[in-house]
Amino acid sequence: MSDIPQERRVLTAIPGPKSAELQARRVAAVAAGVGSTLPVFTARAGGGIIEDVDGNRLIDFGSGIAVTSVGASAEAVVRRASAQLADFTHTCFMVTPYEGYVEVCEQLAELTPGDHAKKSALFNSGAEAVENAVKIARAYTKRTAVVVFDHGYHGRTNLTMALTSKNMPYKQGFGPFAPEVYRVPVAYGYRWPTGAENAGAEASAQAIDEITKQIGAENVAAIIIEPVLGEGGFIEPAKGFLPAIAQFAEDNGIVFVADEIQSGFCRTGQWFACEDEGIVPDLITTAKGIAGGLPLSAVTGRAEIMDAAHAGGLGGTYGGNPVACAGALGAIETMRELDLNGKAKRIEEIMKGRLAEMRSKLPNGDIIGDIRGRGAMIAIELVKSGTKDPDAAAAGALAKACHAEGLLVLTCGTYGNVLRFLPPLVIGEDLLNEGLDIIEQAFATI
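What comes next concerns the included structure. (Residues numbered from 1 in each chain as written. Predicted model: local features only at pLDDT ≥ 70, side-chain atom pairs only at ≥ 80, totals over all residues. Heavy atoms only, no water.)

Considering the sheet that holds strand β10 (residues 297-302)
Defined as follows: Two strands are counted as paired when DSSP detects at least two bridges linking them. Numbering of helices and strands runs from the N terminus, with a helix taken as a DSSP run of H or I at least four residues long and a strand as a DSSP run of E at least two residues long. Axis definition: a line fit to C-alpha positions, over the contact stretch in the case of helices; interaxial angles, taken between N-to-C directions, run 0 to 180 degrees.
Read from one edge to the other, the open sheet built from seven strands follows the order β4-β10-β9-β8-β7-β5-β6, with strand pairing classed as mixed. Both edges of this open sheet fall to β4 (118-123) and β6 (181-184), since each of them pairs with a single strand only. Geometrically, the sheet is characterised by an average inter-axis angle of 20 degrees between neighbouring strands, direction not taken into account. The pairing of β4 with β10 spans six bridges and is antiparallel. Note on β10: the bridge partner recorded for S120 is T300.

Below, the structure written as structure tokens:
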């Protein structure tokens, strides 16, 4: 692992002069559509710290959007990927296969929920995994319709843009989109009209009613949902919602797909977030935390469903790249050895406790409308005092204040008013608390 001191250090304005120089080069050479949360250029990263080219050390509450859960330079990831690099970088698994791909699929069969026979196919990105899950479900069911949910996010390819709920910035100006995609309500407890306690039962009944009336259950190939909605605002569907939707899928021969790209691999304090209510999905899509920062994704599921696609129907030149597979085996080794599920639960305990304390201390503490999430996937939803009106400006101002003090945080949410916290699961408790101190100070400034 990188030997970066696990201490915050702010030597310059953030971004500093060297980052500013690189940003000028970036503006000249990189397409404007590729955004950045914070234009500080990374020199090295590890544990809970990102060190920039100016020598500043930022506390990392982003993990590259839930990717570097084991840290950005985990020893086992570096060791295994380096050894693989020295042997060979690529052959294409579809031309001459290699053991690493098979071993990752074996690990996925062991770790994902359910004790049925499972198989996997490996790809490069989360969007590719979701798109291939749809292909597999359509091949298996011989149906075409796909059902997704309000506030859901599934990617930036043409099909996954259609599956994604939020227009700006993901879909605006990029249509037309893939057909046969239908969106239904999700149990967003904080914003459910009759209260969070009714959201699970009412939202599932409403969703099932809309599917039945508007599409016909017999036409639906797949229902796809994030067990904790990521970009939509770290929404945990109210209890009872996921089991009701999964049961409806089972009763109607629909493939139930859990999109665990952001919530998987110990992020919520369980290997996979769907385990919280005992959901056993037919297919599960994974990426982000799977390989310690190397590009890899997977679709894992019931063997008979996974085998529905004809030979040659699934794949891709780089899918399951040998170096990325080695990284994944290193990441899984780290998760097991360090009990990162336990670490995630401890992060939740500290963060939720501190955030609740902040809300109680603030003179207008009701601007923190909701504190939610599980494990190291925690968020606060910001609203205008005395209302539930989303306050995106407050979220933006808070993020900016945190960045200036050397804490990297991310925003999200359909309304842009959610501050989300995704620290590496290996972060030290001292850094975690220091980051929370900075958030508390930022509230005082705004």
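What to know about the layout of surface pockets
This is how it is decided: Both site types are read off a 1 Å grid over the protein atoms alone. A 1.4 Å probe that fits but cannot get out defines a cavity, while an open set with protein on both sides within 12 Å along at least five of seven lines defines a pocket; lining residues have an atom within 4 Å of a point. Grid points are joined across faces, edges and corners, and a volume is the space filled by probe spheres set on the points.
In this structure, the second largest pocket encloses a volume near 420 Å³. F93, Y101, S120, A121 and L314 are, among the 19 residues lining the second largest pocket, the residues nearest its centre.

Notes on the nonpolar core
One recurring pattern in soluble globular proteins is that nonpolar side chains are buried together. Going by this rule: Definition used in this section: a nonpolar core is a set of buried Ala, Val, Leu, Ile, Met, Phe, Trp, Tyr and Cys residues joined via side-chain atoms within 4.5 Å. Relative accessibility thresholds used throughout: buried, under 20% of the residue-type maximum; exposed, over 50%; partly exposed, between the two (1.4 Å probe, protein chains only).
Core analysis: the biggest nonpolar cluster contains 121 residues, and F61, I223, F421 and F443 have the highest contact counts within it. In this structure, F234, M377, A379 and L410 belong to the second largest nonpolar core, which totals ten residues.

As for the sheet that holds strand β1 (residues 42-46)
Ordered by their spatial adjacency, four strands build an open sheet running β1-β2-β3-β13, and the pairing between neighbours is mixed. Two strands in the sheet have a free side with no partner beyond their single neighbour: β1 and β13 (407-408). The sheet contact formed by β1 and strand β2 (residues 49-52) spans four bridges and is antiparallel. When the bridges of β2 are listed, A45 appears paired with I50.

Focus on the pattern of salt bridges
Condition: What makes a salt bridge here is a side-chain nitrogen of Lys or Arg within 4 Å of a carboxyl oxygen of Asp or Glu, nothing more.
With the rule as written, the count across this model stands at 25 salt bridges. Between E381 and R191 there is a salt bridge whose closest N-O contact spans 2.7 Å. Highlighted residues: E381 in strand β12 (residues 377-382) and R191 in the loop between β6 and α7 (196-215), separated in sequence by 190 residues. Overall, E381 belongs to the buried group, its relative accessible area being 0%.

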